[in-house]
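Take a look at the letters that make up each chain.
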Amino acid sequence: MPFMEWSNEYATGINDIDNDHQALFMFVNDLHDKISSGDSQEAIAETLAGLVNYVNVHFIREENFMDEAGYADLEDHAEAHRRLSARVFGLKEQFDEAPQDFDNDAFLEFLKGWLTGHILYTDMDYVPVMKEAKVGEK
Ligand SMILES: [Fe+2]
């Protein structure tokens, strides 16, 4: 069983968003596999950099969709994105500076908890508004 398993409960039904969320699950699983198989620090750092980058690409896409759909809670949602993005980037820097002191398991659990919680409780809130506006389904 993968570290993060996708299931229907995470599906928003908005294709572009679901594709991004699935890609984020894959990044976290890839990171988990590299860490648990004892892959090199370079390989782990590269995956981590890819994850940080994709998190930001996804957040921008999602915020643009919320904006396009006229979603009322865009500012609060974008603020949650900024906080998370800063936290993940800070942890990536900690890893890059001192990988031997880095708590890999805590980091992976943090990513898993954040990603599933954010999708289920924060992202789901914009779904009816985006569907109504037919945003992000092309
Ligand atoms: Fe979000």
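Residues numbered from 1 in each chain as written. Predicted model: local features only at pLDDT ≥ 70, side-chain atom pairs only at ≥ 80, totals over all residues.

On to the overall build of the protein chain. Across its full length, the protein chain holds five helices and zero strands. Rg of the C-alpha trace for the protein chain: 16 Å, near the compact-globule value of 14 Å for 138 residues, within the 12% margin. In terms of overall dimensions, the protein chain has a C-alpha envelope of 50 × 30 × 25 Å along the principal axes. Across the 138 residues in the protein chain, those meeting the buried criterion constitute 17%. Contacts in the protein chain between residues at least 24 apart in sequence constitute 72% of all its contacts with a sequence separation of at least 6. (Helix = DSSP H or I, 4+ residues; strand = E, 2+ residues; numbered from the N terminus. Rg over C-alpha atoms; globule rule 2.2 N^0.38 Å. Buried ≥ 20, exposed ≤ 12 C-beta atoms within 10 Å, placed from the backbone. Contact = placed C-beta atoms within 7 Å.)

This paragraph deals with the environment of Ser 7. Tracing the sequence through the fold places Ser 7 in the segment before α1 (15-36). Note on Ser 7: 7 C-beta atoms within 10 Å, which makes it exposed. Between the alpha carbons of Ser 7 and Asp 67 there is a distance of 27 Å; along the sequence they are 60 residues apart.

We now examine unusual backbone geometry. Of all residues except glycine, most have a negative phi; of all peptide bonds, most are trans. A positive phi angle, close to 50°, is found at Lys 134, a residue other than glycine. With respect to the helices, strands and loops of the structure, Lys 134 is situated in the segment after α5 (127-133).

It is at 11 Å that the axes of α1 and helix α4 (residues 104-122) come closest, and there the two elements cross at 165°. In terms of orientation, α1 lies roughly antiparallel with respect to α4. For the element pair α1 and α4, the recorded crossing hand is left-handed. Touching His 21, Leu 24, Val 28, Leu 31, His 32 and Ile 35 of α1 are Asn 104, Leu 108, Leu 111, Lys 112, Leu 115 and Ile 119, all from α4. (Axes fitted to C-alpha atoms, helices over the stretch in contact; angles between N-to-C directions. Parallel < 35°, antiparallel > 145°, perpendicular 65-115°, else oblique. Left-handed = near helix turned anticlockwise from the far one by under 90°.)

Where helix α2 (residues 41-69) meets helix α3 (residues 74-97), the closest approach of the two axes is 10 Å, and the angle between their N-to-C directions is 170°. When the axes of α2 and α3 are compared, the pair comes out roughly antiparallel. Of the residues in α3, those in contact with Ala 45, Leu 48, Ala 49, Val 52, Val 55, Asn 56, Phe 59, Glu 63, Met 66 and Asp 67 of α2 are Leu 74, His 77, Ala 78, His 81, Ser 85, Val 88, Phe 89, Lys 92, Phe 95 and Asp 96.

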